[in-house]
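# Descriptive analysis of the structure
Each chain is listed here by its residues.
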Amino acid sequence: MKSARPHPAWAPWFFLAPFLLLFAAFFAWPLVRAAVLSLEQTYGPGVGVFVGFRNFAFLARDPLFWTALRNTAVFTVGSLLIQMPVALGLAILLNRPSLRGRAVFRLIFFSPALIGMVFAATLFTLIFEKQTGLVNFALHSLFRGWNPDFPWLEDYLMASLILAALWLYAGFNMVYFLAALQNVPQEQLDAASIDGAGPWGRFRHVTLPAIRPVAGFIVMLSIAGSFQIFVLPYVMFLRTGGAGPLNRGLTVVMYLYKTGFLIGDLGYASAIGWVLALLLVAIALLHRALSRGETQ
Amino acid sequence: MNARRLARVLGRPLLYAFLVLFAALTAVPFAWMITSAFKSGGDFFLSLFLPAGNGFLGVAWDHLTLDNFRRLFREVPMARSLVNSVFLASVTSLFATLCGAMGGYALSRFEFRGRGLLTSLVLGTAILPVPLLLAPRFELIYHLHLLDTFAGYLLPQLAPAFGVFLFRQAMLNHIPAEIIESARLEGCGEIRIFFTLVLPLVRPMVGAFIIITFLGVWNDFIGPQIILQSAGRQPLAVTLAGLGSNYGNDYGMMMAGTLVSVAPIICLFLLLQKEFISGLTSGTVKG
């Protein structure tokens, strides 16, 4: 039976109106402007000169951009390689109904995800300080051979950045993995045990295939987030101009921010934004192609 | 057989030892921040956490001081920033949730021309990175003469494409079309249906989305950094980042400022754990 009384024609538009108006003004229109701006050279808002594709041509040969891209890629890959196994490992350890204090552990591991990047970065600036910082202080107390002047924020920028991001997001990703682990069929695990499979065999042949779709999603989300990293390094390396010595801490979005808002070239910043968008879309398409291939 | 039993007997304590170690590593930065905030400059360098002394548990409790907090609120517009953060985060979470819920409702429970196109438009733009919009949005806010105003920061936050998507999913799953139809038959108005029938049915999503929006604005740095320039309008995130340039070597001050900035969120989290976790991880497993 079809509905006796249809909704009035205005109803959906009434509910959509506030969102649509704001979306058009502050999302769709800026997106159009981002395309136009990327073909201009500007000196602050409102003062632009059309330069065609020169921004992109310049970008391709801009050594600072390539430095930023390389740093960002190093951070993304390093972060992924360390964070994913830690997050998955913690999730597997916590995924036992008989485990006592499961909720408390989950709470503790998750809690850093609440801390904003600025606040975490402020904390980690001091944690990685020479002599007095928590890391150097603790390592020197434990191992007398450790150099208390170890230059985390001067020479090991990406390592300290990856560690800070690990603290922030390992527990967050763990919660995703925990949810994914609920899809692992217990009967298959039992059957594998009876067939004589060890923990590793069960993980490889039962657990991993079952969580693969969600794992793929987490990896993609993590890559997209890492590629946009800005505030964490910017505040952590603020004393060295946000980018660290020799721009070793410069990331793509940090470069975008600096050209757009410290130098005032909104056009060049938009060009950087488009390259970033293209990279992310390419990664998303790759993920889609890969996950399609798996389900077939 | 024996090896397996040994592993089982040893496994439990080993598992707990490992988990406790990891929990400690996670908690240590928090503990360091909190203890540092209550230490004077001299004590900071002498001990890792609490200053050693002859008091209870071998701690010099009388060395702990509120001096950092006093100076923080006296020398820096910290109280103002705290109020600004609460204001911006509350207003945004309230109105963005309303906008998102209404949009999601329209896209999930109504049939109209252009629905498919609108839905894919909203979903398609969600993949674009926010930094791409920084420059054109700044330009737009400048032309609207809204630079350095709360409205200039707030307005773009109130159209959450992701929220529309989440609410659309939640309403497709949790609101049977028959309920809405029978309410209509009984003569219930469209707006009343939305507020008294639809919203209560997706209450978990409403709570989760309010929380993620609140958290997102509280922790946002780049938005207010670009739009809100005068000190009296800045939220905690911007004020704290600025603190480093004047008080970078004053560890007690820095940690007191960080503690003041994160304590409200941690308190909220302890009160609403379930909503926080489901909110922050929404849209993946269910979607």
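Please read these numbers as outputs of a predicted model, since none were measured by experiment.

### Looking at the overall build of chain A
Within chain A, the regular secondary structure consists of 13 helices and 2 strands. In summary, chain A has a C-alpha radius of gyration of 24 Å against a globular reference of 19 Å for 296 residues, an excess of more than 25%. With the C-alpha coordinates aligned to their principal axes, the bounding extent of chain A is approximately 80 × 70 × 35 Å. For chain A, contacts bridging at least 24 residues in sequence account for 66% of all contacts bridging at least 6. In chain A, 20 positive and 11 negative side-chain charges are present, and the distance between their average locations comes to 7 Å.

### Thoughts on the domain arrangement of chain B
All names here are of chain B. The domains assigned to chain B are domain 1 (2-65) and domain 2 (71-280). Spacing between the C-alpha centres of domain 1 and domain 2 amounts to 36 Å. Opposite the 9 residues of domain 1 that make contact, domain 2 presents 8 residues. Each partner contributes to the roughly 650 Å² buried at the junction of domain 1 and domain 2, and carbon and sulfur atoms together form 91% of this total. When the buried surface of domain 1 facing domain 2 is broken down by residue, Met33, Ala37 and Phe44 rank first, second and third, together holding 60% of it. Where domain 1 meets domain 2, there are 0 salt bridges. For the interface between domain 1 and domain 2, the tally reads 0 residue pairs in polar contact (both at pLDDT 80 or more).

### Let's talk about the packing of helix 9 (residues 186-194) of chain A against helix 10 (residues 199-227) of chain A
Axis angle and axis distance: for two packed helices, these are the angle between their axes and the distance between the axes, and together they describe the pair. Residue and element names in this part refer to chain A. Viewed as axis vectors pointing N to C, helix 9 and helix 10 meet at an angle of 150°, and their least axial separation amounts to 10 Å. As the angle between them shows, helix 9 and helix 10 are arranged roughly antiparallel. Of the two elements, helix 9 crosses helix 10, and the hand of that crossing is right-handed. Contact with helix 9, carried on its side by Gln188, Leu189, Ala192 and Ser193, involves Arg202, Val206 and Thr207 of helix 10 and no other residues of that element. Taken together, the residues that form the contact of helix 9 with helix 10 break down as 3 nonpolar, 3 polar and 1 charged.

### Here we look at helix 11 (residues 203-219) of chain B
With 17 residues, helix 11 of chain B extends 24 Å between its outermost C-alpha atoms, agreeing within 8% with the 24 Å of an ideal straight helix rising 1.5 Å per residue. For helix 11 of chain B, the full list of buried residues reads Met205, Val206, Ala208, Phe209, Ile211, Ile212, Thr213, Phe214, Leu215, Val217, Trp218 and Asn219 of chain B.

### Observations concerning the packing of aromatic side chains
The final tally for this structure, using the stated rule, is 42 aromatic pairs over all chains. Seen from their ring centres, Tyr255 of chain A and Tyr268 of chain A are 6.5 Å apart, and the 85° between their planes marks the pair as edge-to-face. Of the two residues, Tyr255 of chain A sits in helix 12 (residues 252-263) while Tyr268 of chain A sits in helix 13 (residues 266-295), which places them 13 residues apart along the sequence. The same class applies to Tyr255 of chain A and to Tyr268 of chain A, which are both buried. Put simply, the rings of Phe124, Phe128, Trp146, Phe150, Trp152, Tyr156 and Trp167 of chain A together with Phe30 of chain B pair up and form one aromatic cluster.

### Remarks on the interface of chain A and chain B
Every contact between the two is made by 87 residues of chain A and, on the other side, 95 residues of chain B. Our count for the chain A to chain B interface comes out at 1 salt bridge. Along the contact surface separating chain A from chain B lie 11 residue pairs in polar contact (both at pLDDT 80 or more). Looking at the side of chain A that touches chain B, the element that brings in the most residues is helix 1 (residues 10-37) of chain A, giving 21 residues. Of the residues contributing to the side of chain A that touches chain B, the split by class is 68 nonpolar, 12 polar and 7 charged.

### Notes on unusual backbone geometry
Most peptide bonds adopt trans geometry, and most residues besides glycine take a negative phi value. At Asn247 of chain A, a position not held by glycine, the phi torsion is positive, near 60°. Position of Asn247 of chain A relative to the elements: it lies in the loop between helix 11 (231-236) and helix 12. By relative accessible area, Asn247 of chain A is classed as partly exposed at 26%. Even without glycine at this site, His145 of chain B takes up a positive phi of about 60°. Tracing the chain through its elements places His145 of chain B in the loop between helix 6 (131-143) and helix 7 (150-157). For His145 of chain B, a relative accessible area of 69% puts it in the exposed group.

### Quick word on the environment of Pro224 of chain B
Summarising the element assignment, Pro224 of chain B is placed in helix 12 (residues 222-227). Relative accessible area serves as the criterion here: at 1%, Pro224 of chain B is assigned to the buried category.

### With respect to the packing of helix 1 of chain A against helix 10 (residues 190-201) of chain B
In the contact formed by helix 1 of chain A and helix 10 of chain B, the axes pass within 10 Å of each other and the chain directions differ by 55°. Judged by the angle between their axes, helix 1 of chain A and helix 10 of chain B are oblique. Residues Trp10, Ala11, Phe14 and Phe15 of chain A of helix 1 of chain A lie in contact with helix 10 of chain B, whose contacting residues are Glu190, Ile191 and Phe194 of chain B. Taken together, the residues that form the contact of helix 1 of chain A with helix 10 of chain B break down as 6 nonpolar, no polar and 1 charged.

### With respect to the pattern of salt bridges
According to the stated counting rule, one finds 7 salt bridges over all chains in the structure shown. Of the charged contacts, one joins Asp155 of chain A and Arg248 of chain A as a salt bridge, the two residues approaching to 3.5 Å between their closest N and O atoms. Here Asp155 of chain A is found in helix 7 (residues 152-155), whereas its partner Arg248 of chain A is found in the loop between helix 11 and helix 12, with 93 residues between them in sequence. Residue Arg248 of chain A is classed as partly exposed on the basis of its relative accessible area, which comes to 34%. Measuring nitrogen to oxygen at the nearest pair gives 4.0 Å for the salt bridge that ties Asp67 of chain B to Arg70 of chain B. Residue Asp67 of chain B and its partner Arg70 of chain B are both found in helix 3 (residues 67-75); the two are separated by 3 residues, about one turn of the helix.

### Structural notes on a nonpolar patch on the surface
Together, Trp10 and Phe14 of chain A together with Leu94, Phe95, Leu98, Ile191 and Phe195 of chain B make up an exposed nonpolar region whose accessible area comes to about 660 Å². Those elements that provide at least two residues to the nonpolar patch are helix 1 of chain A together with helix 4 (78-109) and helix 10 of chain B. Among the elements that line the nonpolar patch, the one with the most residues is helix 4 of chain B, at 3 residues. Among the secondary structure elements, Ile191 of chain B is positioned in helix 10.

What counts as what
- Residues numbered from 1 in each chain as written.
- Chains lettered and ligands numbered in written order.
- Predicted model: local features only at pLDDT ≥ 70, side-chain atom pairs only at ≥ 80, totals over all residues.
- Heavy atoms only, no water.
- Helix = DSSP H or I, 4+ residues; strand = E, 2+ residues; numbered from the N terminus.
- Rg over C-alpha atoms; globule rule 2.2 N^0.38 Å.
- Contact = heavy atoms within 4.5 Å.
- Lys, Arg positive; Asp, Glu negative; His and termini not counted.
- Charge placed at Lys NZ, Arg CZ, Asp CG, Glu CD.
- Domains from an automatic or database assignment.
- Buried area = accessible area lost by both parts, 1.4 Å probe.
- Salt bridge = Lys/Arg side-chain N within 4 Å of Asp/Glu carboxyl O.
- Polar contact = N/O pair within 3.5 Å; in protein donor to acceptor, adjacent residues only side chain to side chain.
- Axes fitted to C-alpha atoms, helices over the stretch in contact; angles between N-to-C directions.
- Parallel < 35°, antiparallel > 145°, perpendicular 65-115°, else oblique.
- Left-handed = near helix turned anticlockwise from the far one by under 90°.
- Nonpolar A, V, L, I, M, F, W, Y, C, P; charged D, E, K, R; others polar.
- Expected span 1.5 Å × (residues − 1).
- Buried < 20%, exposed > 50% of the residue type's maximum accessible area, 1.4 Å probe, protein only.
- Phe/Tyr/Trp six-rings, centres within 6.5 Å; stacked < 30°, edge-to-face > 60°.
- Patch = residues over 30% accessible without salt bridge, like charges linked within 9 Å, V, L, I, M, F, W, Y side chains within 5 Å.
- Areas by Shrake-Rupley, 256 points an atom, 1.4 Å probe, with all protein chains shown as cover.

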